[in-house]
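Fold and contact review
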Amino acid sequence: MLARISRRLAGLLATLLAASFVIFAAVYAAPGDPAVFLAGGRDKLTPEKLELVRAQYHLDEPLVVQYGRWLGDCLQFDLGRSFKYSDQVADLLTARFPTTLALVAYATVLFVVLGVGAGILAAVRRGTWIDSAVVGGTTLAASVPSFVSAIALVALFGVQLGWFPVTGSGEGFAGTLHHLTLPALALALGALALISRVTRQAMADAGAADHVEVARASGVPEREIVLRHVLRNALGPIVTMCGLVMAGMLAGTVVVETAFGISGIGSLLVGAINTHDFPVAQAVLLLMVTGYIVVTTLVDLVHPLLDPRVKEAAA
């Protein structure tokens, strides 16, 4: 187990290093010159002033040298200073990340509870109208983009019914929960559909095992069969998929936070890209990639604990 953890950690660090270089190079390869933005635009911009700005921010150095300088600062938790706000990027992330984290946590609770519950219901009632309704509803939910579902939720529950606010993140636990309900639902709809499908299929595969048929023939109550023999053996792929979906939700907040006017890191990334605020864009992208890699690594380590068959196969 220790060797497995060591290999996963080494892979995590190598992946983070490669991802950080790709992010740094991709941001600086984007259209627009950061030196022009830092100099205040092209009006009355002389070549001498432009070169002075490049030298001040080390933009005249080779890309590899710039990357090494940036990576060294990141390892010291110095993410640079925002071109637009003139504040430390770390302070901007610290101020906005709790809102995004609350949104992702709320959406995760929704898609895990509703998605797994719908998948279990469809698997238990397989072949009935309930199964057909769950499959049809989840197929429809998976086919609707998040920005379309966000607009529909705002129009119905925010404007027509007036049950929920359509902007902001609220204050306090109750206020935050009230304000983030529609954004979390818009973020969770597609994930809910995926998790319900995976749960239904995993339980169908686990229910077809020989020991389940033996337990059913022995007169074991159906409820005990579902909980102890079917659901327990289906937890591996369900938990794995839930972890992967949750890890990818940080990127999904870009659309949802913009649609609902939430001041999180998703909307911060959109603003940074629009204004060529490269330090902020790099830091947010690195945070999203780091979150995804860390969560997927944890899921990979937990999976053998849930399903001993995976551990035996690895051995």
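Since the model is a prediction, treat every value here as computed from it, not as a measurement.

1. Side note on the overall build of the protein
Across its full length, the protein holds 13 helices and zero strands. Ordering the α and β elements of the protein from the N terminus gives α-α-α-α-α-α-α-α-α-α-α-α-α. By the burial criterion, 38% of the 315 residues in the protein qualify as buried. Taking contacts inside the protein between residues at least 6 apart in sequence as the whole, the part at least 24 apart equals 71%.

2. Here's the deal with the environment of Gly117
Within the secondary structure, Gly117 sits in helix H5 (residues 89-124). Accessibility expressed as a relative area gives 35% for Gly117, which makes it partly exposed. Sequence-wise, Gly117 and Thr199 are 82 residues apart; in three dimensions their C-alpha atoms are separated by 8.6 Å.

3. Remarks on the confidence of the model for the protein
When pLDDT is averaged along the protein, the result is 79; 88% of the residues meet or exceed 70. Within the protein, helix H13 (residues 308-314) has the poorest average pLDDT of any element, 53, and H5 the best, 87.

4. Regarding the side chain of Thr181
Topologically, Thr181 is positioned in helix H8 (residues 172-207). A distance of 2.6 Å separates the side chain of Thr181 from the backbone oxygen of Leu177, its partner in a polar contact. With residues near it in sequence (within four places) discarded, Thr181 still touches Tyr106 and Phe164.

5. Section: helix H7 (residues 146-160)
For H7, spanning 15 residues, the distance from its first C-alpha to its last is 20 Å, which sits close to the expected 21 Å at 1.5 Å a residue. Along H7, the largest kink reaches about 30° and is centred on Val154. Structurally, H7 contributes buried residues whose contacts are with H8 and helix H10 (222-260). Immediately downstream of H7, the backbone of Gly162 shows phi near 70°, a positive value.

6. Regarding a nonpolar patch on the surface
A contiguous nonpolar surface patch, about 510 Å² in accessible area, is contributed by Leu140, Val144, Phe147, Val148, Ile151 and Val255. The leading source of residues in the nonpolar patch is H7, at three residues. A residue is classified by how much of its surface remains accessible, and Ile151, at 55% relative accessible area, is exposed.

7. Overview of the packing of aromatic side chains
Going through the model one piece at a time under the given rule, you end up with five aromatic pairs. Ring centres 6.2 Å apart and planes at 40° place the aromatic pair Tyr67 and Trp70 in the tilted group. In this pair, Tyr67 and Trp70 are both assigned in helix H4 (residues 63-75), three residues apart and thus about one turn of the helix distant. Here the two residues Tyr67 and Trp70 agree in accessibility, since each one is buried. Measuring from ring centre to ring centre gives 5.7 Å for Phe157 and Trp163, while their planes differ by 40°; the resulting arrangement is tilted.

Calculation criteria
- Residues numbered from 1 in each chain as written.
- Predicted model: local features only at pLDDT ≥ 70, side-chain atom pairs only at ≥ 80, totals over all residues.
- Heavy atoms only, no water.
- Helix = DSSP H or I, 4+ residues; strand = E, 2+ residues; numbered from the N terminus.
- Buried < 20%, exposed > 50% of the residue type's maximum accessible area, 1.4 Å probe, protein only.
- Contact = heavy atoms within 4.5 Å.
- pLDDT = per-residue confidence, 0-100.
- Polar contact = N/O pair within 3.5 Å; in protein donor to acceptor, adjacent residues only side chain to side chain.
- Expected span 1.5 Å × (residues − 1).
- Bend = angle between axes of the 7 residues up to and from the residue.
- Patch = residues over 30% accessible without salt bridge, like charges linked within 9 Å, V, L, I, M, F, W, Y side chains within 5 Å.
- Areas by Shrake-Rupley, 256 points an atom, 1.4 Å probe, with all protein chains shown as cover.
- Salt bridge = Lys/Arg side-chain N within 4 Å of Asp/Glu carboxyl O.
- Phe/Tyr/Trp six-rings, centres within 6.5 Å; stacked < 30°, edge-to-face > 60°.

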